[in-house]
Amino acid sequence: MLLKFIALAWVLLLLGGCQDESNIYQPDNSSAKVLRSRLDTTLRGLIQQHGLSGDALQGRILPTIESPLAQLGMHLFFSKSLSGNRDVACASCHHPLLGGGDNLSLSIGVDAVDPNVLGHKRLLQGGLSLGVPRNAPTTFNIGLWQQFMFHDGRVAQLDTGITTPDVAYLQPDPLAGSNLVHAQARFPVTSNHEMRGKTFDVGGTAQSCRERLAERLGGYGAIPEERLPAEETDYWLDAFRKVYQQPQAQAAELITEQNIAAALAEYQRSQVFVNHAWKQYVQGELAAISEPAKRGALLFFRESEAGGYACASCHRGDFFTDELFRNVLMPPLGPGKGNMDTEVQQDYGRWLVTQNPDDKFRFRTPSLLNVAVTGPWGHNGAYTSLNAIVRHMLNPFQAALNYDSGQLKQPNIPTEQFAANLRDMLGSNTDMAGQAYQEEDVQYLVAFLHTLTDPCVTHVDCLQPWIPPVAGLPKSILQARF
Ligand code: HEC
Ligand code: HEC
């Protein structure tokens, strides 16, 4: 018996190939019916040191999808009537079955060949070039952000309120609403490439665009030829009256741009998917994650002096982000986002918001919850596999220099400016040195990242409550095909 035990320990040791984290199993004293290895003990120390509870919610109260306002928000989120040409819904780029995103490197909003087609088969009409410069972040767990919305944080929480692109930076926007998600929801409809199109409310402001859309939805005040079918405006009036429990109220009082944004926010904030295997592990279930994942966790949380890669210095806490902005040399792909230099189609990230030279190429540290289902990765979807993005995060300089655009699955991503943009970016101050790394560490880190996926987000049945049924809803509701 003893010999068998020693032999097993040796086999595990050899398989692991790592001396100091050897699997010399000791009987477990805790209630969990699993043997605790030295690896578990080391991880326990790191978990404590990083103050992790496993629970990203940390007592925060978020809406449930059953609440009437979230239900209304879901219908609005899936309605193409919130776009100028009635061809794009929020869900066109943030679909629950696509990890709360769109599976594209760079989103396609207006002018899609078939507006109901999502994912890799979604294409722009012939001859048009991509207009959305960034990757659609997931709406999953969106209610957990405390500071910033968007890759560049242009919607931000202040002590005095919430600032948005409608007001001067660091001024509170009086129309931002009560939370960051509400504040954000007012912007996609005003973007030409995302939802507005070129012909809706031409010459209007962002605010007039929102108001015209609300009027059209409610069938009041809008220009006659833009009216929705009466059966649709009746549907929305009925729905808003029920949710706000004001059966007599007029459309103009209820179907306002503010109430629309509030409902959209309630729906998105109900997308809480935080029950992943890593949480169970942190909370004591030692068998919840695999041995390679544990090794990955060690590499993720350990400082470099201790043989780790200190990923948690930025991907901090149970939500795996410090909500700060960093230049990690993401390959500068795509049309770029408008900036003052008209020569280069470049995306200067946080700098576009603050104009602080140090902020050039900085982007918000993403959360890593459910990261396995939110690809492509990076603010412009430059990487199309978890392996590749992890390699980048291990050694950004080397990865950016050797970037292979052959991995892109989406056609027509502009790369003419790439070489010039890359030179520009590599000449900037990076916030991450990077290091040489062991090849097997990539696999360990990827195994660890997989433990951050809530199983619900990979099961159609589990996600069904966040997808509206077909029956009884207006025709404008997106009938997605993938
Ligand atoms: C054409 C695709 C597209 C459509 C349509 C669209 N979005 Fe987005 N969404 C994006 C992209 C791309 C970003 C990132 C933009 C940036 O950071 O500059 C984004 C960002 C967001 C964010 C911020 C996420 C974060 O982590 O900070 C939220 C929330 C969001 N969108 C919700 C919505 C809502 C609500 C609607 C409908 C009113 C909508 N989106 C419509 C593509 C789209
Ligand atoms: C210096 C801070 C910092 C460190 C350290 C860091 N990251 Fe990141 N990480 C970021 C930022 C910022 C981004 C987004 C960059 C962008 O899109 O331009 C990012 C993006 C990612 C993404 C893509 C997420 C998505 O949704 O697109 C993954 C995966 C990731 N990091 C994993 C890691 C791993 C694994 C490590 C350790 C090897 C690590 N990171 C270390 C700041 C950091």
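Before reading on, note that the structure itself is shown above.
How each quantity is defined
- Residues numbered from 1 in each chain as written.
- Chains lettered and ligands numbered in written order.
- Predicted model: local features only at pLDDT ≥ 70, side-chain atom pairs only at ≥ 80, totals over all residues.
- Heavy atoms only, no water.
- Helix = DSSP H or I, 4+ residues; strand = E, 2+ residues; numbered from the N terminus.
- Buried < 20%, exposed > 50% of the residue type's maximum accessible area, 1.4 Å probe, protein only.
- Contact = heavy atoms within 4.5 Å.
- Donors = N, O, S within 2.8 Å, 3.2 Å for Na, K, Ca; no water.
- Salt bridge = Lys/Arg side-chain N within 4 Å of Asp/Glu carboxyl O.
- Near = heavy atom within 4 Å.
- Polar contact = N/O pair within 3.5 Å; in protein donor to acceptor, adjacent residues only side chain to side chain.
- Nonpolar A, V, L, I, M, F, W, Y, C, P; charged D, E, K, R; others polar.
- Pairing = 2+ DSSP bridges.
- Axes fitted to C-alpha atoms, helices over the stretch in contact; angles between N-to-C directions.
- Parallel < 35°, antiparallel > 145°, perpendicular 65-115°, else oblique.
- Core = buried A, V, L, I, M, F, W, Y, C linked by side-chain atoms within 4.5 Å.
- Disulfide = S-S within 2.5 Å.

Student: Can you tell me about the overall build of the protein, naming the residues and giving the values?
Tutor: When helices and strands are counted, the protein shows 17 helices and 5 strands. C-alpha extents for the protein along the principal axes are approximately 85 × 55 × 45 Å. Taken over 482 residues, the protein has a buried fraction of 55%. Sequence-distant contacts, at least 24 apart, represent 67% of the contacts inside the protein between residues at least 6 apart.

Student: Break down the coordination of the iron atom of ligand 2 for me, citing the residues and quoting the values.
Tutor: The protein supplies the iron atom of ligand 2 with one donor atom, His315 (NE2), which lies at 2.1 Å. Here His315 shows up in the loop between helix H11 (291–301) and strand E4 (325–326).

Student: Any chance you could break down the pattern of salt bridges for me, citing the residues and the numbers?
Tutor: Close approach of charged atoms allows side chains with opposite charge to pair. This structure, assessed with the given rule, holds 18 salt bridges. Ionic pairing is found between Asp201 and Arg196, a salt bridge with its closest N-O pair at 3.6 Å. Overall, the relative accessible area of 8% leaves Arg196 in the buried class. Each of Arg134, Asp152, Arg154 and Asp347 takes part in a single network of salt bridges with overlapping partners.

Student: Got a sec to walk through the coordination of the iron atom of ligand 1? Specific residues and values, please.
Tutor: One donor from the polypeptide reaches the iron atom of ligand 1: His94 (NE2), at 2.1 Å. Mapped onto the elements of the fold, His94 is located in the loop between helix H3 (68–77) and strand E1 (148–149).

Student: Account for the environment of Gly204, with residues named and values stated.
Tutor: Among the secondary structure elements, Gly204 is positioned in the loop between helix H5 (192–196) and helix H6 (206–218). When the C-alpha positions of Gly204 and Thr190 are compared, they lie 9.8 Å apart, and in sequence the two are 14 residues distant.

Student: Just give me the short version of the site of ligand 2, but keep the residues and values in it.
Tutor: Lining the immediate environment of ligand 2, one finds 22 residues, of which Cys311, Cys314, His315, His379 and Met393 sit closest. For ligand 2, an oxygen atom lies 2.8 Å from a polar atom in the backbone of Gly378. Within the contact set of ligand 2, an oxygen atom lies 2.6 Å away from a side-chain nitrogen or oxygen of His379. Every element with two or more residues in the shell around ligand 2 is listed here: strand E5 (363–364) and helix H13 (386–394). Element by element, the count of residues in the shell around ligand 2 is highest for H13, at 3 residues. Partitioned by chemical class, the residues of the shell around ligand 2 number 14 nonpolar, 5 polar and 3 charged.

Student: Please give an account of the sheet that holds strand E3 (residues 161–163) that cites residues and values.
Tutor: Within the open sheet, the 3 strands sit side by side as E1-E2-E3. Their pairing is antiparallel. Edge positions in the open sheet fall to E1 and E3, since each of these has one partner strand only. Note: strand E2 (residues 155–158) against E3, 3 bridges, orientation antiparallel. From the neighbouring strand, Gln157 faces E3, where its bridge partner is Ile162.

Student: Could you give an account of the pairing of E2, naming the residues involved and the relevant values?
Tutor: With 2 bridges connecting them, E1 and E2 associate as antiparallel partners. Each bridged residue has a counterpart across the sheet, and for Met149 the counterpart in E2 is Val155. The turn joining E1 and E2, which pair antiparallel and follow one another in sequence, is formed by 5 residues; a positive phi near 80 degrees is taken by Phe150. Here E2 folds back onto E3, and the loop between the two strands holds 2 residues.

Student: Any chance you could break down the packing of H11 against helix H16 (residues 439–450) for me, citing the residues and the numbers?
Tutor: Pairs of packed helices are described in terms of their axes, by the angle between the two and the distance that separates them. Between H11 and H16, the least distance of the axes is 7 Å, while the angle of their chain directions is 100 degrees. The angle between the axes of H11 and H16 places the two elements in the roughly perpendicular class. Between H11 and H16, the contacting residues are Pro292, Ala293, Arg295, Gly296, Ala297, Leu299, Phe300 and Phe301 on the first element and Asp441, Tyr444, Leu445, Ala447, Phe448 and Leu449 on the second. Classifying every residue of the contact of H11 with H16 gives 11 nonpolar, 1 polar and 2 charged.

Student: Can you lay out the nonpolar core for me, pointing to particular residues and giving the numbers?
Tutor: Core analysis: the largest hydrophobic core is formed by 78 residues, its most contacted members being Trp278, Phe300, Phe301, Phe320, Phe448 and Leu449. Residue assignment for this core shows that the elements contributing at least two residues are helix H2 (38–49), helix H4 (180–185), helix H10 (277–282), H11, H13, helix H14 (396–401), helix H15 (418–426) and H16. Beyond its immediate stretch of four places on either side in the chain, Phe301 contacts Leu46, His50, Leu52, Trp278, Ala312, Phe320 and Phe448. Core analysis: the next-biggest nonpolar cluster, separate from the first, contains 48 residues, Met74, Leu217, Ala251 and Ala263 among them.

Student: Would you mind going over the site of ligand 1 in detail, with residue names and values included?
Tutor: Within the structure, ligand 1 sits among 28 residues, and Cys90, Cys93, His94, Phe150 and Arg364 are positioned closest to it. Interatomic distance of 2.8 Å between a side-chain N/O atom of Arg134 and an oxygen atom of ligand 1. For the shell around ligand 1, the secondary-structure elements that each account for two or more residues are H4, H5 and helix H9 (257–269). Among the residues making up the shell around ligand 1, the classes are represented as 17 nonpolar, 7 polar and 4 charged.

Student: Summarise the state of the cysteines; cite the residues concerned and give the values.
Tutor: Under the defined criterion, the tally for this structure stands at 1 disulfide. Each sulfur in the disulfide pair Cys456 and Cys462 lies 2.0 Å from the other. The sign of the -105 degrees torsion about the S-S bond sets the Cys456-Cys462 disulfide as left-handed. Of the residues examined, Cys456 reaches a relative accessible area of 9% and is grouped as buried.

Student: Describe unusual backbone geometry, and please don't skip the residues or the numbers.
Tutor: Residue Pro376 follows Gly375 across a cis peptide bond; omega there is -10 degrees. Counting through the fold element by element, Pro376 comes out in the loop between E5 and H13. A positive phi is found at Asn103, a non-glycine position, where the angle reads about 65 degrees. With respect to the element layout, Asn103 can be found in the loop between H3 and E1. Using a relative accessible area of 23% as the deciding quantity, one classes Asn103 as partly exposed. One non-glycine residue, Asn141, lies in positive phi territory at about 60 degrees. On the secondary structure map, Asn141 appears in the loop between H3 and E1. Since its relative accessible area comes to 3%, Asn141 is described here as buried.

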